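Each chain, written out:
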Amino acid sequence: SYSSVNKIIGQVDRKVEINSYIASSPAVYDQFLYVGDYDGVLYAVDITKGEIVWKKPTEDKKQYIASPAVCEDVIISASEDKNVYCFNRKTGTLLWRFQTKGMVHASPVIGNNKTVLIATLNGHLYLLDINTGKSLWHYELGSPISASPALSKNRFYVASQDGNLYCFGTNGQN
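One numbering rule holds for all chains: residues counted from 1, following each sequence as written. In keeping with the model being predicted, local features are shown solely for residues with a pLDDT of at least 70 and side-chain atom pairs are shown and tallied solely at 80 or more, while totals for entire chains, interfaces and linings include all residues. In computing side-chain properties, one takes all heavy atoms of the structure into account and sets aside hydrogens as well as water.

## Some thoughts on the sheet that holds strand β9 (residues 83-88)
No. 1: A pair of strands counts as paired when DSSP detects no fewer than two bridges linking them. Runs of E in the DSSP output that reach at least two residues are strands. Runs of H or I that reach at least four are helices, and both are numbered from the N terminus. Ordered in space as β7-β8-β9-β10, the 4 strands form an open sheet in which the pairing is antiparallel. The outermost strands of the open sheet, each flanked by one partner alone, are β7 (69-70) and β10 (94-99).
No. 2: As paired strands, β7 and strand β8 (residues 74-78) are joined by 2 bridges and run antiparallel to one another. Along β8, the bridge assignment pairs Val70 with Ile75.

## Some words on the packing of aromatic side chains
No. 1: What counts as a ring pair is set by centres within 6.5 Å for rings of Phe, Tyr and Trp (its six-membered ring), and what kind of pair is set by the plane angle: stacked under 30 degrees, edge-to-face over 60, tilted for all other angles. One pass over the full model with this rule turns up 11 aromatic pairs.
No. 2: Seen from their ring centres, Tyr21 and Tyr38 are 4.7 Å apart, and the 85° between their planes marks the pair as edge-to-face. Of this pair, Tyr21 sits in the loop between β2 (12-16) and β3 (27-29) while Tyr38 sits in the loop between β4 (32-36) and β5 (41-46); the two residues are 17 residues apart in sequence, bridging distant segments of the chain.
No. 3: Plain terms: the ring middles of Trp137 and Phe168 are 5.5 Å apart, the flat faces sit at 70° to each other, and that makes the pair edge-to-face. Of the two residues, Trp137 is situated in strand β14 (residues 135-140) and Phe168 in strand β17 (residues 165-168); the sequence distance between them amounts to 31 residues.

## Structural notes on the sheet that holds strand β11 (residues 109-111)
No. 1: Strand order in the open sheet made by the 4 strands is β11-β12-β13-β14, with antiparallel pairing throughout. Pairing within the sheet leaves two strands with one partner each, and these edge strands are β11 and β14. In this sheet, neighbouring strand axes are inclined to one another by 15° on average, regardless of whether the strands run parallel or antiparallel.
No. 2: Relative to strand β12 (residues 115-119), β11 runs antiparallel, the two sharing 3 bridges. Residue pairing in the sheet places Ile110 in a bridge with Val116 of β12. To obtain an axis, a line is fitted to C-alpha atoms, over the contacting stretch when the element is a helix, and the angle between two such axes runs from 0 to 180 degrees between their N-to-C directions.

## Some remarks on the pairing of β5
Consecutive side chains of a regular strand alternate in pointing toward one face of the sheet and then the other.
No. 1: Summary of the burial criterion: residues with accessible area below 20% of their type's maximum are buried, those above 50% are exposed, and those between are partly exposed, where the area comes from a 1.4 Å probe applied to protein chains only. Counting buried positions over the 6 residues of β5 gives 6, a clear majority of the element.
No. 2: Two strands pair when backbone bridges link them, and β4 and β5 are joined in this way by 5 bridges, in the antiparallel orientation. Paired with Gly36 across the two strands is Leu42, which belongs to β5.
No. 3: The antiparallel hairpin formed by β4 and β5 contains 4 residues in its connecting segment, where Gly40 sits at a positive phi of about 80°.
No. 4: Of the pairings in the sheet, the one linking β5 to strand β6 (residues 51-57) comprises 6 bridges and is antiparallel in character. The residue bridging Ala44 from the neighbouring strand is Trp54, located in β6.

## Some points on unusual backbone geometry
No. 1: In this model, Asn19 sits at a positive phi of 65°, which is unusual for a non-glycine residue.
No. 2: Judged by its relative accessible area of 64%, Asn19 is exposed.
No. 3: Unlike most non-glycine residues, Asp30 shows phi in positive territory, near 50°.
No. 4: With respect to the secondary-structure elements, Asp30 resides in the loop between β3 and β4.
No. 5: For Asp30, a relative accessible area of 53% translates into the label exposed.

None of this, on its own, says anything about what the molecule does.
As structure tokens, then:
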């Protein structure tokens, strides 16, 4: 369940029942909170009203481990069904879906409101166009990735389960 804690008195002043286990961290933009659950449902909650605005199940009802990423107009989510979903953040309308080669536990990372970086448990990295969902770049690391990538300027960084940190530049060279 989602709860809002009153800052002044430290008491819960709002609670929204999700009724499922939640492993991912919520993402917040304006008055909306977004979170996925173990039943494979992504929720949009209006935190000012304490109400669910919309909810969308994954294609195969596979659980969300990765936290969603949100920017101005869209929310990006990825789940164990090997899909990356892009929704209109206000209406919940599905804008595109991209199928990866592995389950996703690492949270998607949005770069400059133009691209989305995805890392999978079977070691694949994808850079997607945020407007179309088309793959702009793909790299097979060869080791599982469960931690979220990090962006900094013209580079991104990935920690892999093989015990290495990888740095990728703007031209796709590591």
